[in-house]
Amino acid sequence: MGILDRILRAGEGKRLKALQGIVPDVNALERETQQLSDDQLRAKSGEFRQRIDRGETLDDLLIEAFAVTREASMRTIGQRHFDVQLMGGAALHFGWVAEMKTGEGKTLVSTLPAYLNGLGGKGVHLVTVNDYLARRDAEWMGRIHRGLGLEVGLVIPGFKTSPEEKRAEYACDITYGTNNELGFDYLRDNMAGKLVDKTQRSHNFCIVDEVDSILIDEARTPLIISGRVADAAKLYYRFASIVRSLRRDEDYEVEEDKRVVVPLEAGIERVEQELGLDNLYDEVQRNFVHQLQVALKAKELYRRDKDYIIQNGEVKIVDEFTGRILEGRRWSEGLHQAVEAKEGVKIKEENQTLATITLQNYFRLYDKLAGMTGTASTEAAELMNTYGLDVVPIPTNMPLVRVDQADLIYKNEDAKFEAIVRDIEDRFESGQPVLVGTVSVEKSEHLARLLRQRGIDHEVLNAKQHTREALIVAQAGRMHSITVATNMAGRGVDILLGGNPEGLARDDVLKEGYPADALSEEFTLPAPLEEMPEEFRETRLKALARYDELVSEYRDTCGAEGDKVRELGGVYVIGSERHESRRIDNQLRGRSGRQGDPGES
């Protein structure tokens, strides 16, 4: 352990003791809070706000506010914060990173500091990795805050996009959103010509879910707003067809590790012949050298189904860290156009950057920043140096009983995949659920093909399927379920042993022909519920009644199935290869063995 780690850890014990000291005080108020009626509980928010106006600080209110939030959570969503979750909530309020193991209910933890800081009236932003999680948390956890009289907003791509609507979402006490959308709104505000077009207010307090993914993996990724520069697409197609005929090591050299392609003398001569030029490097044709470079890079360094996928005739970048599609992102300096030409899809014009900021610089704008994740101590030094954030490991509610096996190493890839398929086949017959992590879309599809040949039913979860992500992961704990996933494997979605009753019920209601918005929360509807058409309100009532009926049926069946899965040893996780980042390996393991359940990886 390095000296820096030792210094960073010196205060850890003290911080943990301070957090533990809060728990008995909150518990002492529990009985008194339970005796309040719903209206009295709601009136507490008004009382707290008056006390803030009279000069009390948020720290003074922490104990009471946490007790109120815990009671409201129990009444609205039926979940009571564990003692360790109160510790996590306090850590976030103090502006630290709470490291809580996967499955410890980080989403519920965030409601405590969000409510407390929301009372201050300056706004709290809760940031998650994708639109689905932001919407889910705003609907699900938002019920607690709305029950206590706070306003909850949601900022995700394609939802309430006009400046007035966005401004209303940011003006709420608590706003859920994705990192990219918050960053882009900041850039759009800086480009706004009139004050009325601005949407964000001050950057007061931000809680980042999966803090390592957003503040470290994606921190250097720039958010760019760009305008069009007209450029001839013909040239890109022309060069793509020219480099197809060039041969590696004869016409050009490739250095894979440095990601460089160097054209050789023979190659340049062939290109000059094709273009009918005397000298490619003449002043006038200056752009041709650049065109040749990007065409060669596209040919040799950028691989389909690894670095990008083709979807609806567009080249979409796949993020190497999370395995997700980076919607709307394009490689710069003509590289994206060269890849489009190589694949023969329609080329979009080149862009010129008008405004840009990295996520790292965006999150440094906040007066107070906090975060939570299952895997941060590997990055403690970086979080401290860059953002001044302390990492505090919070103990688990139930002891961890997952068995983590040592790595198995094979001579070649075929032998490894054969062994994986055999292992899956054995588990499949016994009924134990299996989750297999792969590194790329290509590998996940290769494994899926092998499983299909053996006639093993399975689900594939990769960048091509990300809309069904939550549904697939939520059911990955059922008997005989096999899930092959890239490393996106559902951060933030619990794998419940025996299946997720709410997810199954929702799926059935939609299969019965009810529209999806019949089940969504009121605040996501295009208009207030009383203004919606009569017909829609009736359908909604029927859909919700059917949903409640199915949930109670599934609760029993999923509970019984969960017990069987526990006897079989819980979810079995296989990582098909080590990832560059140890944290992502830990995260895959953490999909199993949650809340004291058995598991193996």
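Below, the structure is looked at part by part. Keep in mind that this is a model prediction, so the values were computed, not measured.

Procedures and definitions
Residues numbered from 1 in each chain as written. Predicted model: local features only at pLDDT ≥ 70, side-chain atom pairs only at ≥ 80, totals over all residues. Heavy atoms only, no water. Pairing = 2+ DSSP bridges. Helix = DSSP H or I, 4+ residues; strand = E, 2+ residues; numbered from the N terminus. Buried < 20%, exposed > 50% of the residue type's maximum accessible area, 1.4 Å probe, protein only. Axes fitted to C-alpha atoms, helices over the stretch in contact; angles between N-to-C directions. Expected span 1.5 Å × (residues − 1).

With four bridges joining them, strand 9 (residues 308-311) and strand 10 (residues 314-317) adopt antiparallel strand pairing. Looking at strand 10, one finds that Tyr308 is bridged to Ile317. Counted along the chain from strand 9 to the antiparallel partner strand 10, the turn is two residues long, and its residue Asn312 has a positive phi close to 50 degrees.

Each regular strand displays side chains that alternate between the two surfaces of the sheet. Among the five residues of strand 4 (residues 174-178), five are classified as buried, and the element is accordingly described as predominantly covered. Where burial is concerned, the two faces of strand 4 agree: the one with Ile174, Tyr176 and Thr178 and the one with Thr175 and Gly177 are both buried. Relative to strand 4, strand 2 (residues 124-128) is paired through five bridges, and the arrangement is parallel. If you follow Val124 over to strand 4, its bridge partner there is Ile174. Direction of pairing for strand 3 (residues 152-155) relative to strand 4: parallel, over a ladder of four bridges.

Ordered in space as 3-4-2-5-12-1-13, the seven strands form an open sheet in which the pairing is parallel. Two strands close off the open sheet at either side, each with one partner strand: strand 3 and strand 13 (391-393). In this sheet, neighbouring strand axes are inclined to one another by 20 degrees on average, regardless of whether the strands run parallel or antiparallel. Bridge count for strand 2 against strand 5 (residues 205-209) is four bridges, and the pairing is parallel. Counted as the bridge partner of Leu126 is Ile207 from strand 5.

Across its 35 residues, helix 24 (residues 534-568) extends 50 Å between first and last C-alpha, which sits within 8% of the 51 Å expected from 1.5 Å per residue. Residues of helix 24 that are buried: Phe536, Arg540, Ala543, Leu550, Val551, Tyr554, Cys558, Glu561, Gly562 and Val565. Of the residues flanking the end of helix 24, it is Gly569, one or two places downstream, whose phi is positive at about 110 degrees.

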